[in-house]
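Structural characterization, general
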Amino acid sequence: MRSPRVEENARKVSPEATASVRSATAAVTLARQNALPAYFKDVDRATAHAAAIKDYVLDNLGSLLEQLEGNCQANGIQVHWAQHAASANKIIGDICARSAPGGIVVKAKSMATEEIHLNHSLEAAGFEVVETDLGEYVVQIDHDRPSHIVAPIIHKNRREIAKSFEREGLGPYTEVPEELAMQARARLREKFQSAEIGISGVNFAVAESGRLVLLENEGNNRLSTTAPQVHIAVMGIEKVLPREGDLPLFLRLLAGSATGQKLGSYVHFISGPRRPDEIDGPRDVHLVLLDNGRTQVMAGKYKEILRCIRCGACQNVCPVYREASGHAYGHVYAGPIGAVLAPALEGVEKLGDLAKASTLCGACQEACPVQIPIPRMLLELRDDAYRAGVIHEGIPWGAFAFAASSSWRWRAGLKMLPVASTAPNPLKKGWTDSRAMPSRVGRSFRRWWNERS
Amino acid sequence: MSVAPRELESLAPKKPRVRLMLTCLCDAYFGEIGIATVKVLEHAGCEVLFDERQTCCGQPPFNAGDWDSARTVADRTVELFRTGEPIIVPSGSCTAMLREGYPMLFPKLGRLPAFELSEYLVRELGINSWPRRPLGNPKPMKIAFHRACHGRSIGLGDVQEFLLATVPGVELVRFDQEEQCCGFGGAFSATFTKVSAGIGREKLRNIVASGATVLASGDMGCLMHLGGLIEREGIPLKVMHFAEILAGALSE
Ligand code: SF4
């Protein structure tokens, strides 16, 4: 029996990486658990409210996006629609080529651009792309991949980062976080000053006002979206919110769930390019609305996964994510969110096996600020994937069902158990690799019951 | 006003009749847990019925994605258990299958009156201390209680710990990362071996650090997995099911 992909990849994860992931996810989880009740009198009501707003958004997406487009244009933001990753990359590439051929592009952290592999596409077109989020910057200089949607280098410890910085000539070796941050800051500052284009994601875009809202802690979003002459914001179409009045709820839920903060250190409200009477800010602001499979997800039974606000709380509490770490999933969206979103976006045939990488413990649903029923969706994905023939593990479930649907076959099977457990079976090796084989303890219930009555 | 003894008897609450779902694990390996469950229910004043035709709830193929096989098993279980009495299950996981899983397999099926054992004792019968009559000498036990994860989907909360805390001699100890899953996950434990065992070992590390001598839970799935690791690695922890602790308090 071949091991499932996540298990196979998890075997290659170093104990140090697992330790880093474990301690960081536990710390953020604790911070989240403290932060949300401190702000919301009734956390469940707040998350139910947020879920209802997101469902409204999904049910009215077409009209909300048109409203957003109209109001963005009225604010001077140029709006582009991208159906696929390739078209998004082309739109962005063309804007860059028009504005500053071969120039420097600074990037703020954005999962949407990770999803479409924008960096590759821009680098292939001759641009120098610089990630400016500290974590993403480390990923970039290490030729690594982000392993968490909020904390891209959650799998690395301070020592590894220090070595990378020393190797890149950022300054003398140090493990002091503040000193490391200062070294990166000095290097990135040069890039900000010479960059012609800044690319960011979007946390929320408000339909009624045409404003883009970004949340962050490092200040690199501020510089990426204001220092260069051109700002390109990329957002998944599900990120639109109907009203400005929805923002307080969502900002608190996102900050609280992602990092345990009341709010990010910086919250940006972008309502257009530099105006004639303003002395700074970009000349052009573009908004790229990315579909890339989302409208198709909306039409099916996994629609609720599009409520996601990318807080990472489900990754932080997931026992499988903690043990295997994000890279094991082999997708930009790892952990519980990824195990549903990735196959929903890209097809059960291709990625349906990710739904098996779960104990179905339900911690993700409990943590989710928009109440996405992730375990139920994982089960439904397994049903789909099984019927598509992608998760057959050689366990004879049909034979099990045959035995379990007749009392005498069942009892005969139970009597055979001590013999059967010595026979080779696809589950046995996996079990006994690390555990003692279970054996009958004490009396048989059935015999006891018969003797007593 | 005086009441004749006969009338008094008819006024007394009737013994609740309940139906035991043994679960396939207790059927195959852990008969003592089934026996303990019956003793506990009887001490709580119930009349226990057991249909010998029962097999399994069908969760293993359901979780594996083979819903056709799951339906074959579940369909039969529904027929056997749809008799009106509360169904008592010494497992949150199988209870969740009956309450949450079956409606996914059979969208038209009404809700089965299935209860996890502690849930039935505390929330249905209103029992808030154990045993109901003081008995014998309590055995002191330092227990780390693992809340099995399927309790989340059926809203168990801390009901098991609530009752255990009232058992004479029982001391519940807290441990780090309590709310984390043990890594069992059914067939997951054998197909995702490294991940499952890694999660389990981390859980056991935290429990051992708490100074507990007994690891208890309400689900034999978790205990079989953690118990297998404990045995393989020679960890000094005794594994006990919730029902065994309650029944143990009766036999002194
Ligand atoms: S699924 Fe929920 S918990 Fe997970 S990242 Fe999205 S919003 Fe956060």
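Residues numbered from 1 in each chain as written. Chains lettered and ligands numbered in written order. Predicted model: local features only at pLDDT ≥ 70, side-chain atom pairs only at ≥ 80, totals over all residues. Heavy atoms only, no water.

**A short note on the overall build of chain B**
Helix and strand counts for chain B come out as 13 helices and eight strands. Taken over C-alpha atoms, the radius of gyration comes to 19 Å for chain B, in line with the 18 Å a tight globule of 252 residues would show. Counting only C-alpha atoms, chain B reaches 70 × 50 × 25 Å along its principal axes. In chain B, which comprises 252 residues, the proportion classed as buried is 63%. Long-range pairs, those at least 24 residues apart, make up 78% of the contacts in chain B with a sequence separation of at least 6. Total accessible area on chain B stands at roughly 10,000 Å², and carbon and sulfur atoms take up 52% of it. (Helix = DSSP H or I, 4+ residues; strand = E, 2+ residues; numbered from the N terminus. Rg over C-alpha atoms; globule rule 2.2 N^0.38 Å. Buried < 20%, exposed > 50% of the residue type's maximum accessible area, 1.4 Å probe, protein only. Contact = heavy atoms within 4.5 Å. Areas by Shrake-Rupley, 256 points an atom, 1.4 Å probe, with all protein chains shown as cover.)

**Comments concerning the domain arrangement of chain B**
Residues and elements named next belong to chain B. Taken domain by domain, chain B consists of domain 1 (17-124) and domain 2 (141-249). Computed over C-alpha atoms only, the centres of domain 1 and domain 2 are separated by 21 Å. On the side of domain 2, 21 residues touch domain 1, which itself brings 24 residues to the contact. Surface buried jointly by domain 1 and domain 2 totals about 1,900 Å² across both partners, of which 73% is contributed by carbon and sulfur atoms. The tally of links from domain 1 across to domain 2 stands at zero salt bridges. (Domains from an automatic or database assignment. Buried area = accessible area lost by both parts, 1.4 Å probe. Salt bridge = Lys/Arg side-chain N within 4 Å of Asp/Glu carboxyl O.)

**Looking at the side chain of Asp383(A)**
Tracing the chain through its elements places Asp383(A) in helix α19 (residues 374-387). If sequence neighbours within four positions are ignored, Asp383(A) has contacts with Gly65(B) and Trp67(B).

**Digging into the sheet that holds strand β3 (residues 87-89) of chain B**
Neighbouring strands of a sheet are bound in pairs by backbone hydrogen bonds; such pairs are parallel or else antiparallel. All names here are of chain B. What the four strands build is an open sheet, ordered β2-β1-β3-β4; its pairing is parallel. Looking at which strands have only one partner, the edges of the open sheet turn out to be β2 (47-49) and β4 (114-116). The average undirected angle you get between the axes of adjacent strands in this sheet is 40 degrees. In the sheet, strand β1 (residues 17-20) pairs with β3 via two bridges, with the strands oriented parallel. By the bridge assignment for β3, Leu20 is matched with Ile88. (Pairing = 2+ DSSP bridges. Axes fitted to C-alpha atoms, helices over the stretch in contact; angles between N-to-C directions.)

**Some thoughts on the packing of aromatic side chains**
Inspection of every chain in the model, using the stated rule, returns 17 aromatic pairs over all chains. Centroid distance Tyr137(A) to Phe165(A): 6.2 Å. Interplanar angle 70 degrees. Geometry classified as edge-to-face. Of this pair, Tyr137(A) sits in helix α8 (residues 134-141) while Phe165(A) sits in helix α9 (residues 158-167), and the two are 28 residues apart along the sequence. Like Tyr137(A), the residue Phe165(A) is buried in the burial classification. One aromatic cluster is present, formed by Phe445(A), Trp448(A), Trp449(A) and Phe50(B) through successive ring pairs. Cation over ring: Arg435(A) sits above Trp431(A), and NZ or CZ is 4.4 Å from the ring centre. (Phe/Tyr/Trp six-rings, centres within 6.5 Å; stacked < 30°, edge-to-face > 60°. Lys NZ or Arg CZ within 6 Å of the ring centre and 35° of its normal.)

**Describing the site of the ligand**
Near the ligand you find 13 residues, and of these Cys308(A), Cys311(A), Gly312(A), Cys314(A) and Cys368(A) are the closest. Of the residues in the shell around the ligand, the class split is 11 nonpolar, one polar and one charged. (Near = heavy atom within 4 Å. Nonpolar A, V, L, I, M, F, W, Y, C, P; charged D, E, K, R; others polar.)

**A closer look at the domain arrangement of chain A**
For chain A, the assigned domains read domain 1 (40-292) and domain 2 (397-452). Computed from C-alpha coordinates alone, the two centres of domain 1 of chain A and domain 2 of chain A are separated by 54 Å.

**Side note on the packing of helix α16 (residues 335-346) of chain A against α19(A)**
Each pair of packed helices can be summarised by the angle the axes make with each other and by the distance between the axes. Residues and elements named next belong to chain A. Closest axis-to-axis distance for the α16/α19 pair is 10 Å, and the angle between their directions is 45 degrees. In terms of orientation, α16 and α19 fall into the oblique class. Crossing of α16 over α19 shows left-handed handedness. Packed against α16, whose contacting residues are Pro336, Ala339, Val340 and Pro343, the element α19 presents Ile374, Met377, Leu378 and Leu381 at the interface. Each residue belonging to the contact of α16 with α19 can be placed in one class, and the counts come to eight nonpolar, no polar and no charged. (Parallel < 35°, antiparallel > 145°, perpendicular 65-115°, else oblique. Left-handed = near helix turned anticlockwise from the far one by under 90°.)

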